[in-house]
Amino acid sequence: MDKREFMFDLPHELIAQIPLKDRSASRMMVVDKTNEKIFDRQFIDIIDLLNENDVLVRNNSRVIPARLYGVKAATNAHVELLLLRQEGDIWECLVGNAKVVKEDTLISFGDGRLKAKCVKVKESGLRDFLMIYDGIFYDVLDSLAEVPLPPYITTKLEDKERYQTVYAKVMGSSAAPTAGLHFTDEVFAKLAAKKVKIVDITLHVGLGTFRPINEHNILDHKMHEEYYMMDEESADILNQAKANKQRIISIGTTSTRTLETIIKKYGHFKACSGMTDIYIYPGYQFEAIDALVTNFHLPESTLILLVSALAGKELILKAYQHAIEERYRFFSFGDAMFIY
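Residues numbered from 1 in each chain as written. Predicted model: local features only at pLDDT ≥ 70, side-chain atom pairs only at ≥ 80, totals over all residues. Heavy atoms only, no water.

Colleague: Got a minute to help me understand unusual backbone geometry in this structure?
Modeller: The phi angle of most residues is negative, glycine excepted, and most peptide bonds adopt the trans form. Phi is positive for Glu-36, which is not a glycine, with a value near 55°. Inspection of the secondary structure assignment puts Glu-36 in the loop between strand 1 (27-32) and strand 2 (37-42). Even without being a glycine, Arg-327 presents a positive backbone phi close to 65°. As for its placement among the helices and strands, Arg-327 is situated in the loop between helix 8 (313-325) and strand 17 (336-339). Residue Arg-327 is classed as partly exposed on the basis of its relative accessible area of 45%. (Helix = DSSP H or I, 4+ residues; strand = E, 2+ residues; numbered from the N terminus. Buried < 20%, exposed > 50% of the residue type's maximum accessible area, 1.4 Å probe, protein only.)

As structure tokens, this is what we get:
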């Protein structure tokens, strides 16, 4: 299958540069995959579209200030790091100027308040670094690093919390699980009043989510591993929902990939943690979820492949064309889509 089958032409002005003042004021396209119907709604209508005993699953990962700008200690060459994955004081990073970073290269940030020593050279610009610092790492990081916005967002973000979900809790993501940006505490309260169950899981968003597909044949693309976690309470609620044939609705592709990873591995949901490189594209048989709240994704991306696997490629491309014609806002700060 060629990635160009998932290409569409998007007018640049439809790429949302800033978030709406009210998170829940977005528009929402509703896609009925069974009957192949498309409806234009407002996001707040999600309250009416979910039913008693539905289970809504959200990714509670929090974006860290993951972009660091430093200099190579030996030459003062500028080096940019994007922090991806942590094991103690060792961090896997995507390096912006990777050719100058060899094993044992030392990079300094903030006049030496933080130093990073390369301990392993990997492919595709990836390196492992030992972080050297005094005090609490996240405090040091917060004083030196930036929250990494996607490259298609060129407008400065006034309020950094607008690139976090209202339920973000577990530090570790390099990018936001953006489908959740539409939800507010008020929306969750109204859903809870309808007896919709809310479940938290964790997937730390990294290269697996946002790395582009460079190969023409989508089967040649390799997903990067990302860390996930589910607790016992969440597993119990989800297993009961499956047993009672209640709908499981994921907020975002990251929640979807976590749920599908666990059920494919164990045959049911269970308290667990680990790394996933699950790759979902058309032909995939979903076992965990029944519906999905998502955003509009980049062309030729693994994310548009996932929603095409859920709703069908032709219906998704038709929906995207409708979104362009109706001037929906695209990507991270854009409008929502509900597929059921």
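What follows continues from the structure just given.
Colleague: Is there a simple way to explain helix 5 (residues 232-243) in this structure?
Modeller: An α-helical segment advances 3.6 residues per turn. Residues three or four places apart therefore align on the same side. With twelve residues, helix 5 ought to run about 16 Å at 1.5 Å a step, and its terminal C-alpha atoms sit 16 Å apart, in line with that. Listed in full, the buried residues belonging to helix 5 are Ser-234, Ala-235, Leu-238 and Ala-241. One side of helix 5 carries all its buried residues, which in axial view fall inside an arc of 125°. For helix 5, the exposed residues lying more than 90 degrees away from the buried face are Glu-232, Glu-233 and Ala-243. Looking at the packing, one finds that the buried side of helix 5 touches strand 3 (55-59), strand 12 (197-203), strand 13 (226-230), strand 14 (248-251) and helix 6 (253-266). Taking the backbone nitrogen of Glu-233 as reference, a side-chain oxygen 3.4 Å away marks Asp-231 as the first, capping residue of helix 5. Once helix 5 ends, the next one or two residues include Lys-245, with phi positive near 60°. (Expected span 1.5 Å × (residues − 1). Arc of directions from axis to C-beta. Contact = heavy atoms within 4.5 Å. Polar contact = N/O pair within 3.5 Å; in protein donor to acceptor, adjacent residues only side chain to side chain.)

Colleague: When you look at the side chain of Glu-260 in this model, what are you seeing that I'm missing?
Modeller: Mapped onto the elements of the fold, Glu-260 is located in helix 6. It turns out Glu-260 is buried and unbridged, and the closest side chain with the opposite charge, Lys-264, is 4.9 Å from it. Polar contacts involving the side chain of Glu-260 include one to the main-chain amide nitrogen of Ala-288, which spans 2.8 Å. With residues near it in sequence (within four places) discarded, Glu-260 still touches Ile-278, Ile-280, Tyr-284, Gln-285, Phe-286, Glu-287, Ala-288 and Ile-289. (Lys, Arg positive; Asp, Glu negative; His and termini not counted. Salt bridge = Lys/Arg side-chain N within 4 Å of Asp/Glu carboxyl O.)

Colleague: Just to check I follow, could you spell out the nonpolar core for this structure?
Modeller: The tendency in soluble globular proteins is for nonpolar side chains to be buried side by side. Ranked by internal contacts, the top residues of the largest apolar core, which has 64 residues, are Leu-238, Leu-259, Phe-269, Tyr-320, Phe-330 and Met-337. Not counting residues up to four positions away in its chain, the partners in contact with Leu-238 are Val-55, Val-57, Val-199, Met-230, Ile-248, Leu-259 and Phe-269. In terms of nonpolar packing, the next biggest core, distinct from the first, is built from 27 residues, Leu-81, Leu-84, Val-100 and Leu-126 among them. (Core = buried A, V, L, I, M, F, W, Y, C linked by side-chain atoms within 4.5 Å.)

Colleague: Got a minute to help me understand the sheet that holds strand 12 in this structure?
Modeller: Each strand in a sheet pairs with another by means of backbone hydrogen bonds, the pair being arranged parallel or else antiparallel. With respect to topology, nine strands assemble into an open sheet ordered 2-1-17-16-14-3-12-13-15, the strand pairing being mixed. For this open sheet the edge positions go to strand 2 and strand 15 (272-276), each flanked by a neighbour on one side alone. Neighbouring strand axes in the sheet, compared pairwise and without regard to direction, differ in orientation by 25° on average. Note that strand 3 and strand 14 share three bridges and pair parallel. Bridge assignment links Val-55 to a residue of strand 14, and that residue is Ile-248. The sheet contacts of helix 7 (residues 302-311) involve strand 16 (291-295) and strand 17, and relative to strand 16 the element is tilted by about 150°. Across the sheet, helix 8 lies against strand 1, strand 2, strand 16 and strand 17, angled at about 155° from strand 1, the strand it touches most. (Pairing = 2+ DSSP bridges. Axes fitted to C-alpha atoms, helices over the stretch in contact; angles between N-to-C directions.)

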